[in-house]
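Next come the chains, spelled out residue by residue.
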Amino acid sequence: MEAVKKPFFVLLVNFVITALLFLFNSPEYTLKYYINSVFYVVFFYLFIALIMWVIRGRFFDGIAYSFRRFYNKTSKQRDYLEEWKGKPLPSETVNRSWLRMFFFQGVIMLMVMFVLLFFYYAGVAN
């Protein structure tokens with residue numbers, strides 16, 4: 001939960017991770033390969049954020065409820081202590097502050113990547 005309270009520290013850690021990816025995975029040290037390393041981190045954050053956003057938007061709630069109900073009706077091993085209606089739905093398990101943190105990290109790093117792309121293509125055009 002500390003990561004949510006200190007987003008700029010997490011952003012700094014992300015740039016350290018990006019630099020390490022750049023140093024260990026790039027065949028040569030150019031701006032192009034650094035932009036690629038930033039893209040990998042941006043893709044991770046935005047992918048996780050979009051998945052959390054879809055889950056939070058109650059997309060899978062009906063499916064999960066239906067599967068639980070079907071399993072309860074057809075199961076021969078009935079567990080009466082475990083009530084299927086009382087289990088939280090997928091949208092209830094996604095924490096809103098974590099969702100905002102993933103979006104914040106992804107969007108800030110995406111903007112940095114666009115600035116780097118601007119400098120890269122400005123240098124290539126000259």
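Residues numbered from 1 in each chain as written. Predicted model: local features only at pLDDT ≥ 70, side-chain atom pairs only at ≥ 80, totals over all residues. Heavy atoms only, no water.

**Q** Sorry, what's going on with a nonpolar patch on the surface here?
**A** Nonpolar side chains collect at one region of the surface, where F9, L12, V13, V16, I17, L20, L23, F24 and Y29 lie side by side and expose about 920 Å² of accessible area between them. Assignment of secondary structure puts I17 in helix 2 (residues 7–25). On the basis of relative accessibility, which here comes to 40%, the residue I17 falls in the partly exposed class. (Patch = residues over 30% accessible without salt bridge, like charges linked within 9 Å, V, L, I, M, F, W, Y side chains within 5 Å. Areas by Shrake-Rupley, 256 points an atom, 1.4 Å probe, with all protein chains shown as cover. Salt bridge = Lys/Arg side-chain N within 4 Å of Asp/Glu carboxyl O. Helix = DSSP H or I, 4+ residues; strand = E, 2+ residues; numbered from the N terminus. Buried < 20%, exposed > 50% of the residue type's maximum accessible area, 1.4 Å probe, protein only.)

**Q** Quick question: what am I supposed to make of the pattern of salt bridges here?
**A** Where charged atoms from two side chains of opposite charge approach closely, those side chains can pair. Counting across every chain of the model gives one salt bridge. In this structure, R58 and D61 form a salt bridge, with 3.5 Å as the shortest nitrogen-oxygen distance. Look at D61 and you get buried, because its relative accessible area is 5%.

**Q** How should I be thinking about the nonpolar core in this particular structure?
**A** Among the nonpolar cores identified, the biggest contains 19 residues, and V38, F102 and M109 are the most heavily contacted of them. Mapped onto this core, the elements with two or more residues apiece are helix 2, helix 3 (31–56) and helix 6 (96–125). Excluding residues within four positions of it along the chain, M109 makes contact with L11, N14, F15, T18, V38, V41 and V42. (Core = buried A, V, L, I, M, F, W, Y, C linked by side-chain atoms within 4.5 Å. Contact = heavy atoms within 4.5 Å.)

**Q** Whenever I open this one, the side chain of S37 confuses me. Can you help?
**A** As for its placement among the helices and strands, S37 is situated in helix 3. What S37 contacts, discounting residues up to four positions off in sequence, is T18, L21 and F22.

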